[in-house]
Structure formats: C-alpha cells, structure tokens
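If you want the building blocks of each chain, they are given just below.
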Amino acid sequence: ALWCLMMSVTPTGGCLLDLPWEDILVPHILCHLPLQQLLSLQRVSKSFQSLIQLYLANMRCFDSSQIGPAIPRAAFVNLLKDNEVLQQLALQNCSDWLTDRELLPVIGQNHHLHQIQLKGCAQLSRHALVAISLSCPNLRQLSLAHCEWVDSLSLRSLADHCKALEAVDLTACRQLKDEAICYLVQKCSRLKSLSLAVNANVGDVAVEETAKCCPELEHLDLTGCLRVKNDSIRVLAEYCPKLRSLKVKHCHNVAESSLSILRSRGVELDVEPPLQRALVLLQDVVGFAPFINLQI
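The shown structure was predicted, so the numbers you read here are calculated from the model rather than taken from an experiment.

The rules behind each value
Residues numbered from 1 in each chain as written. Predicted model: local features only at pLDDT ≥ 70, side-chain atom pairs only at ≥ 80, totals over all residues. Heavy atoms only, no water. 1 Å grid on protein atoms, 1.4 Å probe; cavity = no way out; pocket = protein on both sides within 12 Å on 5 of 7 lines; lining within 4 Å. Points joined across faces, edges and corners; volume = space filled by probe spheres on them. Helix = DSSP H or I, 4+ residues; strand = E, 2+ residues; numbered from the N terminus. Nonpolar A, V, L, I, M, F, W, Y, C, P; charged D, E, K, R; others polar. Disulfide = S-S within 2.5 Å. Core = buried A, V, L, I, M, F, W, Y, C linked by side-chain atoms within 4.5 Å. Buried < 20%, exposed > 50% of the residue type's maximum accessible area, 1.4 Å probe, protein only. Contact = heavy atoms within 4.5 Å. Salt bridge = Lys/Arg side-chain N within 4 Å of Asp/Glu carboxyl O. Axes fitted to C-alpha atoms, helices over the stretch in contact; angles between N-to-C directions. Parallel < 35°, antiparallel > 145°, perpendicular 65-115°, else oblique. Polar contact = N/O pair within 3.5 Å; in protein donor to acceptor, adjacent residues only side chain to side chain. pLDDT = per-residue confidence, 0-100.

### As for empty space enclosed by the protein
- Within the structure shown, the criterion is met by 1 cavity of 30 Å³ or more.
- As a volume, the largest cavity reaches approximately 60 Å³.
- Every residue lining the largest cavity is listed: Gln53, Leu56, Ala57, Asn78, Leu79, Lys81 and Asp82.
- Put simply, the parts of the chain that give the lining of the largest cavity at least two residues each are helix H4 (46–57) and helix H5 (73–80).
- For the lining of the largest cavity, the leading source of residues is H4, giving 3 residues.
- In terms of residue class, the lining of the largest cavity is built from 3 nonpolar, 2 polar and 2 charged.

### Describing the state of the cysteines
- One pass over the structure, following the stated rule, counts 0 disulfides.
- Between Cys147, a cysteine without a disulfide, and Cys121, which holds the nearest cysteine sulfur, the sulfur-to-sulfur distance is 5.8 Å.

### Things to note about the nonpolar core
- One finds Phe62, Leu222 and Leu246 to be the most contacted residues of the largest nonpolar core, which totals 83 residues.
- The leading source of residues in this core is helix H9 (residues 178–187), at 5 residues.
- If near-sequence neighbours (up to four positions away) are discounted, Phe62 is found in contact with Leu35, Ile67, Ile71, Phe76, Leu79, Leu80, Leu86, Gln88, Leu89, Ala90 and Leu91.

### Structural notes on the pattern of salt bridges
- If you walk through the whole model with that rule in mind, you get 9 salt bridges.
- The salt bridge partner of Asp151 is Arg126, with a shortest N-O separation of 3.0 Å. Highlighted residues: Asp151 in the loop between strand E4 (141–143) and helix H8 (152–161) and Arg126 in helix H7 (residues 126–135), separated in sequence by 25 residues.
- Residue classification places Asp151 among the buried positions, given a relative accessible area of 14%.
- Judged by relative accessible area, Arg126 falls into the partly exposed class, the value being 27%.
- With a closest N to O distance of 2.6 Å, Glu216 and Lys242 form a salt bridge. Pair noted here: Glu216 is in the loop between helix H10 (204–213) and strand E7 (219–221) and Lys242 is in the loop between helix H11 (230–239) and strand E8 (245–247), with a separation of 26 residues, a long-range link.
- Residue Lys242 is classed as partly exposed on the basis of its relative accessible area, which comes to 42%.

### What about the packing of H10 against H11?
- Two elements in contact, H10 and H11, have axes whose closest approach is 8 Å; the angle formed by their N-to-C orientations is 5 degrees. As summarised for this structure, H10 and H11 are arranged roughly parallel, according to the angle between their axes. Only Asp231, Ser232, Val235, Leu236 and Tyr239 of H11 make contact with H10, whose side of the interface consists of Asp204, Val207, Glu208, Ala211 and Lys212.
- For the contact of H10 with H11, a count of residues per class yields 5 nonpolar, 1 polar and 4 charged.

### Quick notes on the environment of Asn110
- Within the secondary structure, Asn110 sits in the loop between helix H6 (100–108) and strand E3 (115–117).
- A residue is classified by how much of its surface remains accessible, and Asn110, at 0% relative accessible area, is buried.
- Residues Asn110 and Leu80 lie 30 residues apart in sequence; the distance between their C-alpha atoms is 10.0 Å.
- Apart from residues lying up to four places away in sequence, Asn110 is in contact with Asn83, Glu84, Val85, Leu86, Ser135 and Cys136.
- Side-chain polar atoms of Asn110 contact the backbone nitrogen of Val85, separated by 3.1 Å.

### A word on the confidence of the model for the chain
- Considering every residue of the chain, the mean pLDDT works out to 86; 80% of them sit at 70 or more.
- With pLDDT under 50 throughout, residues 291–296 is counted as low confidence; its partners more than four residues away or in other chains account for 9 contacts.

Structure follows, in structure tokens:
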C-alpha cells in the first residue's frame, strides 16, 4: 500500500517522487508514516534511499520504540548520522545495545534537543550525562529513570548548564544523595515535575530544599523514599502552592497529619485517608463488601 501511494500519479501526470522533496514530501507526507515503513522504503531504489536519508536528516523527533528496542548499533548510528535538528530523543529501555559510543555523537551534533528519554539505558556512563549538559542548553525534559550510573558529579554538570529544566526523572538513581538533589533544585528553579522515587538515600533535606527552591513544582514522586518524614511534607505544602500531585506510597514515616494539609487543597495523593484505607482492607480481608459504605 505504501509503494502504491508513493508511486501514484499526481494531477500533473507524474508520480509523488516528482513533487518537491523538502517542501512537500518530507514535511507533509513522510512525517505521517511509521518509521519502520520508511526504513523499508530505502530498499526500493536509489531515489527512495536518497529521499529517506533526507527525511532522517531533517527529523525532529526520534523514538526507538517505533522500530523496537533491539536496534542494531550500526543501524542507529546510520539513521542519525546526518541529523543536527533533533528536538526530541527517546531511547528508553535500550540497555541491550546503547552505549556512550553510539549516543555521544548524536548528542554532540544536536544542540536543539529539549526532551531526552533514557529510561533503563543501563550501559551508559556518567559521560553521557555530562555530554547532554554541555550540548543541550535548551533541555526541558530529561528521564534518567533506572540509570544507576548517574552520580553527583554528572548531575552537578547538568544543573550548571541546563537551568531551563522543567521535568527530571531520577527514579532509582541510587548513587544520588540529598546533597546532589539540593544542588540540582538550587540551579534549576523552574522545575515543575521531579521524581526521586525508589531512592533510599533521599530524605527530608532534599525534599525541603526542593520545596523552597521550586515554587512552580506541580508533580513530585517520592515513592519508596524511606527517609522522608512529615516535616518535609509540611514544608512542601507551605512553599509549593501549585503542587497538583504527590506520590508517597511506601514512605512509612509520612502520616496523614501532614498529608491532610495537601489533601484539603485538592492535591492528588497516591495513598488513601486512614478511614477509607481501613475499610478497604476490611473489605478485602473479611469480605464484608456488601455491608460497608465506603462513602462514610
């Protein structure tokens, strides 16, 4: 079907390949087709190969999930070797093949990136984050979830050079401690979304500094941060009037006495009020569902 589309006759009597490539085909037709199909078109003819290479060189968004997580290293390098205009780069869960060797050239030649997704890319190193900080001054969103190679020095580099950051995901970056998080939020005061989930080294100091430095904060994920206590949640309520959601599941030292302040303001929490939680537990364990009104 794709071949028929590309070879179909235009009103002027030619095929679609006769239309202007940069003005018509690339921005108005190819951008609507799946990347996997576009790559297959390269094998049709030299003209198609040239057309797709032009498309790849002008692509603003690259998402590895459109091809599959197991992209051959050489194929990835070839896809983006001529691209210097990327704005979004998503390479989540590419731990089987993605290393600094493949990523750094792409980062080094794309200075307009404002969104990077590296969740689960376990084979990278701190050099990748340093390269991002030096090459991407306009970065707005960055996901480093489950990247345990992120350390305090590389995070400091990010904070020093990417001060326009609005969303950072540091879930399970287990090397990071309070001091590193404090430095980040002091430098990146525009943060609206921050995840520090599954990090046993993060405690009240980091949460309080985040609250005081980031008045625009809307979303904070502290899931599994066992050292977080009630005091920092109260500071969060005081300094972050725009907070819309807070995750504190498995934060065993956070109680309803501090959460109720946020709950009364309509902040979305991932833990239920004590009474409702007790009723649901009773329903599950004893089987009294028909007799319990959960609206009490």
